Structure formats: structure tokens, C-alpha cells
Amino acid sequence: DQQVKQNSPSLSVQEGRISILNCDYTNSMFDYFLWYKKYPAEGPTFLISISSIKDKNEDGRFTVFLNKSAKHLSLHIVPSQPGDSAVYFCAASAGAQKLVFGQGTRLTINP
Amino acid sequence: DGGITQSPKYLFRKEGQNVTLSCEQNLNHDAMYWYRQDPGQGLRLIYYSQIVNDFQKGDIAEGYSVSREKKESFPLTVTSAQKNPTAFYLCASSLRYFSNQPQHFGDGTRLSIL
């Protein structure tokens, strides 16, 4: 039972353009959502989070959008840079419960 | 510099052998976690600890054991009962147990079978 799904295993974007990573969830009790970035052989690094009382949160080049009715989360990176090439994981939690992670999307930024 | 240190970076296990993965944090966080990552999959929770001398099983605890004798340290033992131990193991910590605050991760230990 995969409660958090990232349906695109990989995404390729040209440098300078917008990268959009998507995440769908099934548990309507999820109220806190996060995005992590992971380079090979390293641990995930926290990028940005959003609580269910908001529908948008912005931090520099990164914006997370939450559509509760569609149970959909997206991460926008503008403009995309070569250093953004990594695997991105979305994660969600319900109250003070464990984080549930998606499978990850590998983003490649092409020059 | 505050952070989470995992060691070793690479570890090899022989059949029937127990191995212990180290995790140390100097962030003064109460909660610590162990995750396992397999190729093409998300992170799965093995064990977690809310405070010193307390720990709870996660989703895939069979074949693993932990201890939390000090706030800074949360070692994971992969026992011979874990039949498929080859994976990337990640330790994390957060200020409080599963509060709406991000978890911070170490750089992981890759465990392989000889």
C-alpha cells in the first residue's frame, strides 16, 4: 500500500527552464509535507516543507504547491541549475506520526 | 559544525555474521531514526527512538536491533536473521519525535554481503 507516489522515475530539463516534480498521496489525514534532495552516496537534504493549512510555500528558487482536493503535491524549481541534478523525494506525515516517503524522481538538468 | 555522522561508509557482512552501524549526532535532538533504502524505492523506517533508553519498531524491524543509551548515539545492528541486508542505511534525527519539523540525515552506510 503505497500512500505516497512519485509516478515519474526520471525527469530531464534544460538549464534555466522550470523543473516540476510531482507527488500524489492517498491518505487524507496527511497534514505535513516535505521535499528532500539526495545526491548519490549521500543522505537526503531537506529542501522545503508545507503544512496542510497552506497551499503554497516559497523559498528562493523552490516553491511547493499543495492541492488537497486532488491529494497532489508539486515542487517547482525556477530557474533550474546543473547543481539541481539529484534524486528528489517527497514525504508526508499525519499528525505526530511517521514520515512516509515516495520512491523518488531523478532530475537531470541539461546544459 | 552540527550534524549526523554515520560510520562506516561501506560495510561487508559474511553469512551468519552480525554487524553494527554507527550513528552519532551533535544537534541535541531528542528523536533518532533508522531507514533503509533499496534501489527504486523510498525510505522505509526500521526503528526509531523518541528519547534516551526508549526505542520502537518501525515498518521493517525484523532482523534488526538498536540501542539508545546516550542521546547522541543510536547504533543499528543488522543480525544474521536479516536475510536480505544489502541496502543503503540512513540515520536521521529531529528535535522532537515526528513533530512537524524536518528530519536531518547522515550520509549513509552501504551494506553488502560477501
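Up top is the structure these notes are about.
No experiment lies behind these values; they were computed from the predicted model shown.

(A) Molecular detail of the packing of aromatic side chains. In this structure the tally under the stated criterion is 13 aromatic pairs over all chains. Pairing tyrosine 64 of chain B with tyrosine 89 of chain B gives two aromatic rings, centres 5.9 Å apart and planes at 65°, and the pair type is edge-to-face. Residue tyrosine 64 of chain B is located in strand S7 (residues 64-66), and its partner tyrosine 89 of chain B is located in strand S9 (residues 87-94); the two are separated by 25 residues in the primary sequence. Judged by relative accessible area, which is 6%, tyrosine 64 of chain B ranks as buried. Look at tyrosine 89 of chain B and you get buried, because its relative accessible area is 0%. Following the ring pairs from residue to residue traces out a cluster consisting of Tyr36, Phe46 and Phe101 of chain A together with Tyr33, Tyr35 and Phe105 of chain B.

(B) Looking closely at the state of the cysteines. Going through the model one piece at a time under the given rule, you end up with 2 disulfides over all chains. In this model cysteine 23 of chain A forms its disulfide with cysteine 90 of chain A; the gap between the sulfur atoms is 1.9 Å. Taking the sign of the torsion about the S-S bond as the criterion, the disulfide between cysteine 23 of chain A and cysteine 90 of chain A, at about 65°, is right-handed. Highlighted residues: cysteine 23 of chain A in strand S3 (residues 19-25) and cysteine 90 of chain A in strand S9 (residues 86-93), separated in sequence by 67 residues. Comparing cysteine 23 of chain A with cysteine 90 of chain A shows no difference in burial state: the two are buried. In this model, cysteine 23 of chain B is linked to cysteine 91 of chain B through a disulfide, with the two sulfur atoms separated by 1.9 Å. Here cysteine 23 of chain B and cysteine 91 of chain B share a disulfide; its torsion about the S-S bond, -75°, makes the bridge left-handed. In this pair, cysteine 23 of chain B is assigned in strand S3 (residues 19-25) and cysteine 91 of chain B in strand S9, connecting sequence segments 68 residues apart. Since its relative accessible area comes to 1%, cysteine 23 of chain B is described here as buried. Note on cysteine 91 of chain B: relative accessible area 0%, which makes it buried.

Each value, and the rule that gives it
- Sequence order as written defines the numbering, with residues in each chain counted from 1.
- Chain letters and ligand numbers both follow the written order, the letters beginning at A and the numbers at 1.
- Reporting of local features is limited, given that this is a predicted model, to residues whose pLDDT is at least 70; pairs of side-chain atoms are given and counted only at 80 or more, and all residues count toward the totals for whole chains, interfaces and linings.
- With hydrogens and water excluded, all non-hydrogen atoms of the structure serve as input to the side-chain values.
- The criterion for an aromatic pair is that two Phe, Tyr or Trp rings (for Trp, the six-membered ring) have centres within 6.5 Å, with stacked assigned to planes under 30 degrees apart, edge-to-face to planes over 60 apart and tilted to the rest.
- In this description a helix means any DSSP run of H or I spanning at least four residues, a strand means any run of E spanning at least two, and both kinds are numbered starting from the N terminus.
- For the exposure calls, accessible area comes from a 1.4 Å probe over protein chains only, and a residue counts as buried if that area is under 20% of its type's maximum, exposed if over 50%, partly exposed in between.
- Cysteine sulfur atoms are paired as a disulfide whenever they fall within 2.5 Å.

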